Amino acid sequence: MNFRKFKTIVVSSLLLFSFKAWSQNSSDILHQILKLQETGSVLYLAAHPDDENTNLIAYLSNERHYRTGYLALTRGDGGQNLIGSELGVNLGLIRTEELMAARRIDGGEQFFTRAFDFGFSKNPKETFTIWNKDSLLKDVVKCIRQYKPDVIVCRFPEDSRAGHGHHSASAILASEAFDIAGNPNIYPDQVKEFGIWQPKRLFWNTFNFGENNTTSADQLQLEVGGYNALLGKSYGEIAAQSRSQHKCQGFGSAAERGKRKEYFKLLKGDSTTIDIMDGVQSAWQQYKNAKEIEKLFKNIISQFKSDNPSKSVSDLLLLRKEITSIPESSFKSRKLKELDKIILSTIGFYASYTTAVPIVSAGDSIETKLQILVRSNIEVFIGGLKGIAGDSLNKSCPSYNNLKTISLKSLAANSITQPYWLGKEQSKGMFTIDDLGQIGKPRNDAPNTISFSLSFNVDTPPISVTLPLEYNHTDPAKGELTDPLAIAPKVTAKINDPFLYFNLSNKKTISVSYQYHGNTKAKFELSNEVSGNGWNIISNETSLLFSKNGDEKTIEYTIEKSTLAKSESLKFFLINEQGKKEEIRSIKEIHYDHIPSLIWYPEATISLKAIDLKIPQNKIAYIKGAGDVIPASLKAIGFNIEEFSASQLEGKDLSQYTAIITGIRAYNVDNRLSILQPQLLNYVKNGGRLVIQYNTPSNSLPENLGPYPLTVGKNRVTEEDAIVTISDSTLSILNTPNKITRTDFNNWIQERGIYFAETNDKNYVQPLRMNDKGENSLSGSLLYCKYGKGTYIYTGLSFFREIPAGVDGATRLFVNLISE
C-alpha cells in the first residue's frame, strides 16, 4: 500500500458495524482472514451497472485478496428492462440492487456518483452537456480520497472505441480525478474529512468485444482464470454468477473455465511491465509492531481449524490488540471492523433485530424482536443494551448455543425511507442531493438500528454490534425471508391511471385508494388541487377514518373538463388537525426474487390530458414484448386491447382484429413469434394492419420480418429534441385520424428512436428523417408499405418511453399507426 497522507480519524474502542444474521462456513472465515492480511486496494471505474469486468473483480478480490471496489457513475436508469415494466428511476433502483447482489458474490464493494443515466449518448461532448462535469469530477475525487485505492482501472478508453458517450466520459473523469485527488487545494472540504490520496497507477483494462479488439501482445497481462479451493469455484465461475445478477438486462452468463488473460494499458503513474500492483507495499510495514502483526497472521492461518474455527479466537484477539495500538486512521478503523466480523464468525455468532410488519409510519411504535446467539463454547457476555432489553440481557451469556430472545417496543425513525437520490426533483442528467455526505453510497443507511456489545473474558475492549431493523416473514414456497423495513408517510395513495385522456368525453370517474400505515386510530380531511383552470373535481367524501395499519379506503372522484381546459396536473392533500396541508405521496413496490423488496414514495399525481386525439373503437391484438407497458397505456387512452403471447395466436382467426401490434423486442424474447410470422404476413395480405415495434439485431429475427426485404440495424437518434423532417405531409399515416405536424415531436424524452430499419426496397415509404447534431440524416425510424389489401409498419421510434410518459405528440402518432 502507498502511504500517501492517511487522514487521521479518531475512533472509539467500540467499533460499530452492521451485523445481521451473520453466518459463515470455515472456508469463508479463512478466506476473510487472508483478505484481512492483505492491504492492497483497486478501484474499477465505468459508467453503468453491468459495465464492470466481473472476471477481474472476482480475481482481484478472491485470489489476490485486494479490497476491490466498483465505481459506477450511474445506476442504469436509462436502460431497458427484460424482466418487468419498470423504467427510469424505478429501473435504476432494480439495477442498484442487482449490482449489490453481484458484489456479494464476487467480493467487491459498490459506489455511485450523482449522475443520472439519461440514455444512450454517442460521444462525451454530448454527455457533458447533460451531466454536470464539475460535480461528477468532485464525486469521483471523493470516492478516491475516501476509498484510497492503490490502483485505478478503467473499463473504457476516452475515445470512440468506448462505444458510448457515458463510457468515454467515465474514462475522462477517471483521468482527471487521478491528477487532482492528491492536491490539497482542490475540494478542500473533502480534504478536511478524508485527506488527500494519490493512487500509484491508472490503467485501461482493454477488451476484445468481437469486432472491437483493443488488446495487444505488448500490453501488461494477468492470468485470472484460476481456481479457489476455499471457495470451491474458479474465478470464471464466480464472475459468471456475479454477472448473471444483471437479470433485467438479460445478462445471464455461462461460466468460463480454464485459463483467461486480462490486458492492461498504463495510462498514468509509475511504469511497470510486471504487475498492476508492482511496487505497492503492505501497509502493515509502516507500523512499529509490524513483525508482531505478521507473526500473528502466520500463526492464525497455519493453525486454523476448519472443524473448530473458535480455536483461533485467542490469537485473533491478540491481533486485535496489536491493531488497536497503531495510530488512528481510516485504515485502522476499517481493518478493526473486518477483524471483529471474523472474530464473531469464528464463535458462531448470530443476531437479528426484526419486526413482523413490512411497512410502518414514521415515528410510530413497532413490535420488534431481538435475538442473540453464540453457537460455540467461547464465553461472551452481552452489554450496552438500554431500557428493558438491557435489564433482561446485559451481563447474560448467549454462548453454548443458548439463544437469547426479547420482544421490544421500538420507535420507527422520524423520516420516510425515500432513496436519498430520489428525495428531490432531479435535472435531466443529475440527481439533486443536498446531503453531500450521502454521495457514493449505494443505498440509504438503515433508518432503525439497535446496538450492543460482546465482551470476552480477556483483557480486550468489547466488540460493538449494530443491527438494522428488518422485516422478517415466511413464504410458504420460499421459506424464511428478510427485507428492509419500509417507513412510510401516514397515508399513501394508489392511483391506477397516472394519465387521464379526455378525448372521448368531458367527464370521467376515477377511484383513488388511500392506504393507512399508522398504528392508531386517525382521521384526516382531504383536499385536491389542479394546476390550472377549466377543471372541476367532485367527490361526496372528503375525509378518511382509519383504525389500524393496513386499512384502505377507496374514494371516487368525478372529473369534469370545460371546453377551454388545457392539460394539467391533479394532486391530493391531507389536512391535519392544525389545518396544515400536506401533499399525499403514492407508494411504489418492486418485488423480484433476486433482490430485496423495494418500496419508495413518488408523488401521487394524475396528469389530466386535454389533447385532440381521435380514437377509432376497434379491437386490437397486442403480442407482448419485454418490459412493455404500452398495452396498459393504450387501454387508458380508450383502445380495446387484447394481449397475447405468440403461441396463443397460432391458428387463431386474426381477421377479427383491425390491427396487431408486436411489443418492444417481442421477436427477441418470444421464439414462437418467428414461427407465427407467415400467419401475420398473411393477415396483412388479407387486409390487416401489422405494427412491429423495435427489436435488436439478432438471430431470433425471422428472415421475412417484413413482406419485402429489410433488416434491423443499429442506427439511433439519441437527442430527444432532434429536428424531425416530414418528407410528405399528405401521407395518410400522418393525417388519419390525427393530423401530425412537427409540433408533435416536441417534448419527447430521452431519445427519438433506436434500432432503425434498413432497406433499399422501393415498396417501403419512409416518411420521417432525423439525426443527432453533426451526423447524417437517417431514415428507418418509421417505414410502412401496402401489402395485398393491408398495411405493414416497422418503427424504431421510442413509443415505449414516450406514451407511458404522456407525451402528446407521440401518442397521437401511434394512434395513427394502429388506426388508419
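Structure: see above.
Scope of this entry: the structure provided in the associated data block. (Residues numbered from 1 in each chain as written. Predicted model: local features only at pLDDT ≥ 70, side-chain atom pairs only at ≥ 80, totals over all residues. Heavy atoms only, no water.)

A word on the pattern of salt bridges. Under the defined criterion, the tally for this structure stands at 38 salt bridges. A salt bridge links arginine 103 to glutamate 52, with the shortest nitrogen-to-oxygen separation between them at 3.1 Å. Of this pair, arginine 103 sits in helix H3 (residues 89–106) while glutamate 52 is found in the loop between strand S1 (41–46) and helix H2 (54–62), placing the two residues 51 residues apart along the sequence. Taking the relative accessible area as the measure of exposure, arginine 103 reaches 4% and is therefore buried. A residue is classified by how much of its surface remains accessible, and glutamate 52, at 2% relative accessible area, is buried. Aspartate 139 is the partner of arginine 114 in a salt bridge, and the nearest nitrogen-oxygen pair spans 2.8 Å. On the criterion of sequence distance, the pair formed by arginine 114 in the loop between strand S3 (109–112) and helix H4 (124–130) and aspartate 139 in helix H5 (residues 133–147) is long-range, its members being 25 residues apart. This pair shows no difference in class: arginine 114 is buried, exactly as aspartate 139 is. Each of Glu52, Arg103 and Asp106 takes part in a single network of salt bridges with overlapping partners. (Salt bridge = Lys/Arg side-chain N within 4 Å of Asp/Glu carboxyl O. Helix = DSSP H or I, 4+ residues; strand = E, 2+ residues; numbered from the N terminus. Buried < 20%, exposed > 50% of the residue type's maximum accessible area, 1.4 Å probe, protein only.)

Turning our eyes to something else, we now look at the side chain of asparagine 53. The topology assignment puts asparagine 53 in the loop between S1 and H2. By relative accessible area, which is 4% here, asparagine 53 ends up buried. There is a polar contact of 2.9 Å between the side chain of asparagine 53 and the side chain of asparagine 205. A polar side-chain atom of asparagine 53 sits 2.9 Å from a polar atom in the side chain of glutamate 262. Ignoring sequence-local partners within four residues, the contact set of asparagine 53 consists of Tyr44, Arg155, Asn205 and Glu262. (Polar contact = N/O pair within 3.5 Å; in protein donor to acceptor, adjacent residues only side chain to side chain. Contact = heavy atoms within 4.5 Å.)

Our focus in this paragraph is the pairing of strand S19 (residues 479–484). The sheet contact formed by strand S18 (residues 463–475) and S19 spans six bridges and is antiparallel. Within S19, the residue paired with histidine 473 across the bridge is leucine 481. Count of turn residues in the S18/S19 antiparallel hairpin: three residues. (Pairing = 2+ DSSP bridges.)

Within this structure, the stated rule accounts for 27 aromatic pairs. Ring centres of tryptophan 284 and phenylalanine 297 lie 5.9 Å apart, and the angle between their planes is 50°; this geometry places the pair in the tilted category. Of this pair, tryptophan 284 sits in the loop between strand S11 (261–269) and helix H9 (290–302) while phenylalanine 297 is found in helix H9, placing the two residues 13 residues apart along the sequence. For the pair shown, tryptophan 284 and phenylalanine 297 are each scored as buried. Linked through ring pairs, Phe156, Trp204, Phe207 and Phe209 together constitute an aromatic cluster. (Phe/Tyr/Trp six-rings, centres within 6.5 Å; stacked < 30°, edge-to-face > 60°.)

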